Every structure is written in structure tokens, then in C-alpha cells.
Amino acid sequence: MCGRFAITLPDQAMADVFDAAPSNDLPDTPNYNVCPTNTVHVVVSAEARRIVPMRWGFIPHWYKAPNDGPLLINARSETIAEKPAFREACRERRCILPATGFYEWTKSAEDARLPWYISRADEQPIAFAGIWQEWGTGDDRMRTCAIVTCGANDPMKAIHHRMPVILTPDSFGLWLGEEGKGAARLMHAAPGDALVWHRVDPKVNSNRAEGEDLIEPIA
């Protein structure tokens, strides 16, 4: 799964990476502790690519309120095309969530949560495959999104059995629906050598923690 991540790129740098025009109401960066329900940067494509703000936490159209059911921050690749909450978005509203890295947790022998920071081995930005949907009416109307996940590759299994689907630049167009059908074949684990990780301070366990030191390695 993916339940917390970091984004350090300025808006224009994101625009350059994704060849997308940034909206003028994007959340501030850097943010070293992006949490569920936060507003995040999302790349979408219609006539052209844009980076727009969305709530991280997909809200199905039948929810009467944002908290009317489970918080859907992830969508499993194995079932996304059949789940009522996600199947239409999977076909028609795919998106990309930019990140610099993400966090995952293991447990110590004493059952303490031990956080790890995971990033690309080539130090390039991460592009999470996502889906999005508008929810609500009037002043309550908002765009919401979820990150698509898949089974972990072999190295990542040492930390967690699942991982986000990570897109490469040559697959952005296909995932965003710019290059016809076939996006389903992108929903697989990244190669085993694509990511690196290191332990970080347990203070990131708090969703109120902030600052660059959250991603610094500890012994």
C-alpha cells in the first residue's frame, strides 16, 4: 500500500517533468509528510495535461459525506476494474500523483513501528498511477483521488507485501488515456532495482510531523 509520501519538487519542476501546466491553487511544497485527506498535486489530461489539486482519499459517488465509509486512499490493481467504487474511474479518469519518495513500515521484535523512506534509485521523481473522481455538489464539490497498488516486487517484500504502481515517463501518455487502450498492462510492480530505501526517524509516525529531517537516514 501507500499511506504517506513526500513531495519536494517546486510546481514548475513538476510541470517540466510531466509536461503539464500547473494550476495556481496547488498545495505548498516541499511537504515531507503528505497524509491521507491532504490536498495533493495530481496530473490529469483532457485537451492538455494539467497539474491540479485534489483530496487524497477517493470518495465514491454514493457517499453522502466524505466520512460516510472507509477512507479509500489506495485501489488494488487486481480488482480496480470490477470494484463499484473504482471501475468507472479506472476506465475514464486515470491520473498521476507526483512524489519524491514514500514511507512504509516494518515492526521490531517489540512490535514498534519502524518507518522506511523509499525513493527511486536514479533519484528521479516518482509517478504514482492514480484514479480520480469528483464528489459532492455546490460548495461541497471536490476532486478526490487514490493511488493504485500492486503486489510488491521481491526486494520490497522485505518491507511490505504491496507497493504503489510506479509509472515511467514513456508510460505517462498511455496511463492518462492519451494513447488509446492498454493501460491495464502498466499495473505491475516496478523492477527490483528501481527503488532504494533507508530507515528514518519514528517521529514520522505522527501525521503532524514535518521537516526535511523526516527523510534523513538513521542507523
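Read on for a plain summary of the structure. All figures in this text were calculated on a predicted structure; none of them were measured in a lab.

1. Overview of the environment of A6
Stage number 1. Among the secondary structure elements, A6 is positioned in strand β1 (residues 5-7).
Stage number 2. The buried category is assigned to A6, whose relative accessible area is 0%.
Stage number 3. When the C-alpha positions of A6 and P30 are compared, they lie 7.7 Å apart, and in sequence the two are 24 residues distant.
Stage number 4. Setting aside residues up to four positions removed in sequence, A6 forms contacts with N31, Y32, V34, A99, T100, G101, Y103, Y117 and I215.

2. Some remarks on the packing of aromatic side chains
Stage number 1. What the rule picks out here adds up to 7 aromatic pairs.
Stage number 2. Judged by centre distance (5.8 Å) and plane angle (70°), the rings of F102 and F128 are edge-to-face. Highlighted residues: F102 in strand β8 (residues 101-107) and F128 in strand β10 (residues 126-135), separated in sequence by 26 residues. The same class applies to F102 as to F128, namely buried.
Stage number 3. Put simply, the rings of F5, W56, F102 and F128 pair up and form one aromatic cluster.
Stage number 4. One Lys or Arg, R94, reaches over the ring of W175 and ends 5.4 Å from the middle of that ring.
Stage number 5. The positively charged end of R113 is found above the aromatic ring belonging to W105, 4.6 Å away from the centroid.

3. Quick notes on the pattern of salt bridges
Stage number 1. Evaluation of the coordinates by the stated rule reveals 9 salt bridges.
Stage number 2. With a shortest N-O distance of 2.8 Å, E178 and R49 are connected by a salt bridge. Taken together, the residues E178 in the loop between α3 (172-175) and β13 (195-199) and R49 in strand β5 (residues 49-56) connect sequence positions 129 residues apart.
Stage number 3. E178 gets classed as partly exposed once you look at its relative accessible area, which sits at 36%.
Stage number 4. For R49, a relative accessible area of 18% corresponds to the buried category.
Stage number 5. The residue E134 makes a salt bridge to R141 at a minimum N-O spacing of 2.6 Å.
Stage number 6. For E134, a relative accessible area of 32% gives the class partly exposed.
Stage number 7. Look at the salt bridges and you will find they share partners, linking E134, R141 and R143 into a network.

Rules and cut-offs
Residues numbered from 1 in each chain as written. Predicted model: local features only at pLDDT ≥ 70, side-chain atom pairs only at ≥ 80, totals over all residues. Heavy atoms only, no water. Helix = DSSP H or I, 4+ residues; strand = E, 2+ residues; numbered from the N terminus. Buried < 20%, exposed > 50% of the residue type's maximum accessible area, 1.4 Å probe, protein only. Contact = heavy atoms within 4.5 Å. Phe/Tyr/Trp six-rings, centres within 6.5 Å; stacked < 30°, edge-to-face > 60°. Lys NZ or Arg CZ within 6 Å of the ring centre and 35° of its normal. Salt bridge = Lys/Arg side-chain N within 4 Å of Asp/Glu carboxyl O.

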